[in-house]
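Here's the letter readout for the chains.
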Amino acid sequence: LLLLLAAAVCGPCFSGALRSPQRRWPVPYRRFDYRPKTDPYCQARYTFCPTGSAIPVMKEEDVIEVYRLQAPVWEFKYGDLLGHLKIMHDAVGFKSSLTGKNYTMEWYELFQLGNCTFPHLRPGMDAPFWCNQGAACFYEGIDDAHWKENGTLVLVTTISGTMFNEMAKWVKYDNETGIYYETWTVQASPDKQSVVWFDSYECSKFILRTYQKLADLGAVFKKIQTNYTSIILFSGEPIYLGNETSIFGPLGNKTLAAAIRDFYYPFKPHRTVREFFVDLLKIIDRVILNGQFYLFYNLEYWFLPMKYPYLKIIYEEVPLPIGSKASFGV
């Protein structure tokens with residue numbers, strides 16, 4: 001990911017006028033009937049949700065404060081370093097008035113961001129191997145220092161115990177059916193009205209869905225500014241290539257399969273500084289100079305004819321949803 005961010009600052013290129021048949025944009029995020037078991041090959045440097053617990057059932061008459069939580073990605077390790085780039089992680093906090101207990105809920109990668117963004121090229125396997133699941137994590141307590149020091153901890157609404165319990169049912173459904181992390185938003189240009197080809201599916205989108213669910217249940221949100229991070233690729237109209245079987249299977253397209261593997265190779269973990277810069281030059285050549293990017297979305301591959309400015313990190317306001325006081329006696 002850092003390699004691609006570095007490549008994005010390099011100069012303009014000319015992208016081809018490739019086209020695909022008319023499709024629905026953005027491509028709808030695919031939901032699944034169940035969450036598959038993770039492969040033992042997929043390993044995380046930091047354990048996913050180490051203190052996670054079940055979502056409790058609240059008493060109907062409880063009054064629960066809802067907090068917006070935001071901090072720089074990997075703040076626990078690098079402090080505010082990624083905060084300067086506005087690469088932020090989002091979560092939501094709850095406080096029960098009856099018990100006085102606090103809770104945190106967030107959604108993030110099972111095996112860290114790099115594994116969700118780029119695959120592994122494993123010996124003896126033709127197809128790239130992905131460790132790209134994401135999931136919700138719920139645990140007791142709110143780490144005030146973590147969220148306040150370099151980020152945000154602010155009250156956004158108050159809900160009833162009944163509304164909280166309904167939200168919990170929705171979280172279970174959302175978590176069991178939306179299982180793959182999608183790093184990139186892909187759109188036609190930096191203009192706010194431009195076509196969005198693909199929408200990301202990451203921590204901030206889970207929080208936005210949660211807020212919307214609470215609003216649908218009757219939560220009334222405060223009028224405060226709320227911004228979220230998006231990492232955007234800029235591309236001409238994407239071209240559908242196929243899935244793993246149609247590309248890498250026995251009857252697949254060997255030329256295309258080799259091109260995809262060759263594209264992903266420079267994004268591998270690096271052991272030396274020299275190796276890093278050699279691969280960075282390869283990425284600049286393919287993404288910037290030749291305008292090529294292969295996207296994996298919904299377990300399918302797409303070709304993106306990249307165009308200026310190629311990649312941008314934005315920290316954009318998304319207003320809190322408008323709710324109604326009519327539901328659940330709020």
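About the criteria used
Residues numbered from 1 in each chain as written. Predicted model: local features only at pLDDT ≥ 70, side-chain atom pairs only at ≥ 80, totals over all residues. Heavy atoms only, no water. UniProt positions renumbered as here; feature names shortened; annotations may be inferred. Helix = DSSP H or I, 4+ residues; strand = E, 2+ residues; numbered from the N terminus. Expected span 1.5 Å × (residues − 1). Buried < 20%, exposed > 50% of the residue type's maximum accessible area, 1.4 Å probe, protein only. Phe/Tyr/Trp six-rings, centres within 6.5 Å; stacked < 30°, edge-to-face > 60°. Lys NZ or Arg CZ within 6 Å of the ring centre and 35° of its normal. Disulfide = S-S within 2.5 Å.

The name that an unreviewed UniProt entry assigns to the protein is Bis(monoacylglycero)phosphate synthase CLN5, with the source organism given as Cepphus grylle. The record in UniProt for the protein states the following under Sequence similarities (unreviewed entry): "Belongs to the CLN5 family."

**Student:** Just to check I follow, could you spell out helix 6 (residues 203–217) for this structure?
**Tutor:** The periodicity of an α-helix, 3.6 residues per turn, causes residues three or four places apart in sequence to face the same way. For helix 6, spanning 15 residues, the distance from its first C-alpha to its last is 21 Å, which sits close to the expected 21 Å at 1.5 Å a residue. Most of helix 6 is tucked away: 11 of the 15 residues are buried. For helix 6, the full list of buried residues reads C203, S204, K205, F206, I207, R209, T210, Y211, L214, A215 and L217. Looking at the residues trailing helix 6, positive phi occurs at G218, about 120°.

**Student:** Mind showing me how you'd approach the packing of aromatic side chains here?
**Tutor:** Centre-to-centre distance and the angle between the planes together describe a pair of aromatic rings. All chains considered together, the criterion is met by 31 aromatic pairs. Here a set of aromatic residues connected by ring pairs shows up, and it is made of F118, W130, W184, F248, F263, Y264, F267, F293, Y294, F296, Y301 and F303. The ring of Y228 has R68 lying over it, and the distance from NZ or CZ to the ring centre is 4.9 Å.

**Student:** Looking at this structure, I do not really get unusual backbone geometry. What am I missing?
**Tutor:** Residue W25 is joined to P26 through a cis peptide bond whose omega torsion reads -10°. Locating P26 in the fold gives a position in the loop between helix 1 (2–7) and strand 1 (63–72). A positive phi angle is found at K86, which is not glycine, with a value near 60°. Counting through the fold element by element, K86 comes out in the loop between helix 2 (75–78) and strand 2 (88–96). Among the residues examined, K86 registers a relative accessible area of 39% and is labelled partly exposed. The backbone phi angle of N298 is positive, close to 55°, even though this residue is not glycine. Along the chain, N298 falls in the loop between strand 10 (292–297) and strand 11 (300–317).

**Student:** Explain the state of the cysteines here, please?
**Tutor:** One covalent bond between the sulfur atoms of two cysteine residues makes up a disulfide. Under the counting rule described, the total for this entry stands at 2 disulfides. Covalently, C42 is tied to C131 through a disulfide, its sulfur atoms 2.1 Å apart. Its S-S torsion of approximately -80° makes the covalent link between C42 and C131 left-handed. Of this pair, C42 sits in the loop between helix 1 and strand 1 while C131 is found in the loop between helix 3 (112–117) and strand 4 (134–140), placing the two residues 89 residues apart along the sequence. In terms of burial, C42 and C131 fall into one category: buried. Each disulfide pairs two cysteine sulfurs, and for C49 the partner residue is C137, the sulfurs being separated by 1.9 Å.

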